Structures are given as structure tokens and as C-alpha cells.
Amino acid sequence: MTTTARHAASRTRPHLPAALTTTGRIAAQLRADPRTIGIIIVMPLVLVSLLWYAFVDVPVPPGGRAPFDTIGPMMLAILPMMLMFIVTSVTMLRERTSGTLERLLTTPLSRWNLLASYGAVFGFLGVAQATLLGLLVLGPMGVEIAGTAWMLILIALLDALVGVAFGLLASAFARTEFQAVQFMPVFIGPQLFLCGLFVPKEHMPDVLGVVADFLPMTWAVDSVVDVAANETVSGATWGRLGLLAGIVVVFLFVASRSMPRQSR
Amino acid sequence: MLNSTLVESAVSARALVVHRAGNEVLHGLEMDLAPGSVTGLLGPSGCGKTTLMRAMVGVQRITSGSLTVLGRPAADEALRRRVAYTSQTLSVYRDLSIRDNVAHFARLVGAGPDDVARTLDAVELTALAGRRVEILSGGQASRASLACALVGSPELLVLDEPTVGLDPLTRESLWEHFHALARQGTTLLVSSHVMDEATRCDSILLMREGHFLAHAPIDELQERTGAATPEDTFLTLIKQEVAA
């Protein structure tokens, strides 16, 4: 081996367990792209600050709750899903269009490992995002909740993972990055309108109320509302969190079926 | 090299038919690749070279017939460690360094850091290994992609136009490397539409519209057709077929 070769060998990263190879690779790609990390972490903080400021002079009815105290925590059930969906769908689409996915399929890497690795890295980013968002809303913005901050962060994490899983699946139906971005309003729009942010579910027409009950963002928002109002977590909320976790697994599975090893 | 008739073929196709998006692209191919040989897969673009290569590495479904790779049916899970492939698109991570790319594909097939260093040396990218692929020249980037296939010493290398856009010097050194690999027992199938590269190969598979026109060393084909250059040889062979 030449000196330069030995030099190169000594600079190769320490050996990761084989199952974590892809996680390490995706993390390295993110590290090489500080702007994306910045957008994921900082943008929700900026958006929520803007929202808080918009509500700052709204008069509070005597004995009532300031509107931002309800809306602020809800953002933890809305923004992570939205942002993670867009980041993952574009990243996965790039993997499909650049030919790297086809190459990966010729290696021993399993499709499930590939998708779970994306889930792990972006889920981790989702936790970082949710933690900072939670600290901002509960700290400087002075929103008080009856439950624990941990529960809020858990909800935000599951919410982010739903965005990741749907994003991975959506990339199968997009041919270009432009199309992938356009899927966001399709996926997020109806969920956002029906989740209870604009109109409480009980005031919606019955049909919409029923539809809303089937949407993951509604489950997340209902859970946040419960945690904000009650000290102990209700069984219904645990059930909704279970549903969120379940739909992540189901959609990761469907996404792995959406990338057949062999083309016809 | 052992007498190839005594050794099982590295790749063999029998009556291989492949459809791509509903159209029959390969029409009953028959072929045998000797272990430790360099075979050139040549033919006009759109003739089915890439489809054949993708079928060999297991990412293209076979309609009928058989395709056996290293003693197993193509697409067998056990082959994923033993066969490597480069496609015509770069298929590396442009936002990662050359070294990170090669190390990534090395880990996927269970190869270590020494292997990464050796491979970078072989494609003459050691000095640039810390650079991101997106800032490399076309030739450097395609060598980076090649390195991702070479790492882990696969027994069969399927390379789709690996020398496109390379300067003559690099091309020369890559062909030398291919032959060095073949001497160690690696079987290589290399596609190209530059007919002059035929002289670099042990034998040539000439393809046209989904079937083979010839499978022989280029000298033999030149003799048979009486043509002066590889390019003329192919033109003659194709004209003969069209006339027949």
C-alpha cells in the first residue's frame, strides 16, 4: 500500500455496525448541508414567533384563555409533519432519480433498512425541532399547559415521523422534485383545515367531523389539546398516539413495497 | 486461465427474453461469459445493452428463459455481495466526498477501510478523495462511481459505459486495471458504443435490436469480414444481417 493510501485508510470513519451504514450516510449528507438543517430547525421557530406576534394585541375575553395559548401548542402537531414531509419526499426522490436507489438495490442492503434509516435520521431531526419549538412556546411565549412538556415532544416526534413516512411514499408518485413539492398541499392542506385549528370538530358538518377523525394530524392535535388541558394523559390520547405510531409503520411498509427491486 | 470449456460459465443465458415496460426488448438471447474474461458489449444505442446488464444484476425482471450468474439464477439474494454494477447515470451521492461514497458502498458489501484505500488508488482518486463529487470533473466523477462498484472485490463486474467522457490516459489506465482484475479471476462485462474499445476486450458481444450478431474476439471478426477497423467490422456485420 502506498503512503497516500495508508493516509486515506487512517482517515476513514470508525466502523459502524452494518445495519447503521445507511443512517451514517444520510447523517453525513445532512452534515454536508448545514442550510437544510438550519431551515428545519430555525424555520418553525420563526413561523411560531410570527404567529405569536400576530396574536399579541388580540384582546383576551375576561376569564377566557388567550387564543395563542391554544394555537401555540397545536403548532407542535402541525409544523413537524409539514416540514418533514417536504424534506423527506424531496430527499427520497433524489435517491430515486439519481440512480443511487437502483445501485443500492443491487447491494445486500434491505429496502426496509433503507427506509427505517431515513425514518431514524429525520425522526432525530424532528425531535430536535420539536424540543426547541416546545421550549420556545412554553418558555419565552409563556404558554401554560396542565400536562408535561415531555408528552408534547413525544406527540411532535410521532407527528414528524408521520410526515417522514408519507414523504417517503409520496416520492414514489412524483417524477420530479417540482411534483414532490406540489404533493405537500395535497397531503397537508385537508389535514390542516380539518384538524381543529380553524374550526372545532364539533362545529363542523357531521361528514367533515367523521373525515377529520381519520386524519393523523387530527389525532396529533387532539392529543396536544388533551395534554394542554389535563394533568394526566387520558386513555383516548394514548390510543391516538398508538394510531400515529401504527400509521408510521404501515406507511413505511407500503413505501418499501413502492420500490420493487426488479422493474418490469 | 483454465480452458473455459472445463469451467462453468460466469454468466450464461439460455433463450433469455426480457420485456421492458410491456415491449419485448431482448429476444431469446444465448450467451456464455468465461470466468476471468473481459467481454465488450457493443451495439447501437437502444439495442438492449442496458436491459441485459440490469437483468444480470437482478434489477430487471426476466420474462422467460434462464439467466445464470456465478452458478445462481440472476437476482438471487446471495449474488448481491458478489456482483457489482455501474449504470450510465453517476449513481453516487453528489453531496458526499469521494471517500465517503466509496466507504459507504464498501460497508454495504462488508469491505474494510484497506479495501477503500486500495480502490481509490486503482482509480487514481486518492489525492482527491476528500472532495465532494459535485465539484469534480465529469471524468473524475465517473471514476468515483466506478470505485463504488470495484470496492469489495466483486466476482462479476457489470459496467455500463464506464469510459464515457474519460481522457485517453485515464481510459488506458482503467483498461489496464480491468485486465489486472480479470487476471485475478474477476469476470467483466463492459458496454460501450465506441467501437474502438473492442480491441481492449478478450471478446466482443455485438448486439443489435435485442439479439446478438456475433460473439468472438475482434481479430477473428475482422478476419471473417475482411474489414480494416473494428468500426468497419460492425458495419459490415450489420449490413450482412440486414441483407440476409
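Cut-offs used in this document
Residues numbered from 1 in each chain as written. Chains lettered and ligands numbered in written order. Predicted model: local features only at pLDDT ≥ 70, side-chain atom pairs only at ≥ 80, totals over all residues. Heavy atoms only, no water. UniProt positions renumbered as here; feature names shortened; annotations may be inferred. Contact = heavy atoms within 4.5 Å. Buried area = accessible area lost by both parts, 1.4 Å probe. Salt bridge = Lys/Arg side-chain N within 4 Å of Asp/Glu carboxyl O. Polar contact = N/O pair within 3.5 Å; in protein donor to acceptor, adjacent residues only side chain to side chain. Axes fitted to C-alpha atoms, helices over the stretch in contact; angles between N-to-C directions. Helix = DSSP H or I, 4+ residues; strand = E, 2+ residues; numbered from the N terminus. Parallel < 35°, antiparallel > 145°, perpendicular 65-115°, else oblique. Left-handed = near helix turned anticlockwise from the far one by under 90°. Nonpolar A, V, L, I, M, F, W, Y, C, P; charged D, E, K, R; others polar. 1 Å grid on protein atoms, 1.4 Å probe; cavity = no way out; pocket = protein on both sides within 12 Å on 5 of 7 lines; lining within 4 Å. Points joined across faces, edges and corners; volume = space filled by probe spheres on them. Buried < 20%, exposed > 50% of the residue type's maximum accessible area, 1.4 Å probe, protein only.

Chain B has the name ABC transporter ATP-binding protein in an unreviewed UniProt entry, where Tessaracoccus rhinocerotis is given as its organism.

Chain A carries the name Transport permease protein in an unreviewed UniProt entry, which gives Tessaracoccus rhinocerotis as its organism. Taken from UniProt, the Sequence similarities (unreviewed entry) comment for chain A reads in full: "Belongs to the ABC-2 integral membrane protein family."

1. Examining the interface of chain B and chain A
Counting from both sides, the interface comprises 41 residues of chain B and, opposite them, 33 residues of chain A. When chain B packs against chain A, the two sides together hide about 3500 Å² of surface, and 54% of this comes from carbon and sulfur. Across the chain B-chain A interface, the total number found is one salt bridge. Between R54 of chain B and E102 of chain A there is a salt bridge, with the nearest N and O atoms lying 2.6 Å from each other. At the boundary of chain B with chain A, the tally comes to 13 residue pairs in polar contact (both at pLDDT 80 or more).

2. Overview of the packing of helix α4 (residues 67-97) of chain A against helix α6 (residues 111-138) of chain A
All names here are of chain A. For the pair α4 and α6, interaxial distance at closest approach is 10 Å and the crossing angle is 150°. Regarding the angle of α4 to α6, the classification is roughly antiparallel. Regarding α4 and α6, the two cross each other, and that crossing is right-handed.

3. A short note on the packing of α4 of chain A against helix α7 (residues 149-170) of chain A
Relative orientation and spacing of two packed helices are given, respectively, by the angle between their axes and the distance between those axes. All names here are of chain A. Closest axis-to-axis distance for the α4/α7 pair is 7 Å, and the angle between their directions is 30°. On the basis of their axis angle, the class for α4 and α7 is roughly parallel. In this structure, the crossing between α4 and α7 has a hand that is right-handed. Contacts between α4 and α7 involve L76, A77, I78, P80, M81, M84, F85, T88, S89, M92 and R96 on the former and, on the latter, L152, A156, D159, A160, V162, G163, V164, F166, G167, L168 and A170. Residue composition of the contact of α4 with α7, grouped by class: 16 nonpolar, four polar and two charged.

4. As for the layout of surface pockets
Looking at the largest pocket, its volume works out to about 630 Å³. What lines the largest pocket is a set of 27 residues, among which D33, T36, T91 and R94 of chain A together with D95 of chain B lie closest to the centre. For the lining of the largest pocket, the secondary structure elements donating two or more residues are α2 (21-31), α3 (34-55), α4 and α6 of chain A. At seven residues, α4 of chain A tops the list of elements feeding residues into the lining of the largest pocket. The class makeup of the residues in the lining of the largest pocket is 14 nonpolar, five polar and eight charged. There is about 440 Å³ of room inside the second largest pocket. For the lining of the second largest pocket, the secondary-structure elements that each account for two or more residues are α4 and α5 (100-105) of chain A. Here the residues of the lining of the second largest pocket sort into eight nonpolar, six polar and seven charged.

5. Notes on the pattern of salt bridges
Side-chain pairing between opposite charges can occur once the charged atoms of the two side chains come close. Residue and element names in this part refer to chain B. As enumerated under the stated definition, the model contains 15 salt bridges over all chains in all. In this structure, the salt-bridge partner of E172 is R200, at a minimum N-O distance of 2.9 Å. One end of the pair, E172, is in helix α5 (residues 168-183); the other, R200, is in the loop between β8 (187-192) and β9 (203-208), with 28 residues separating them in the sequence. Given a relative accessible area of 29%, R200 falls into the partly exposed group.

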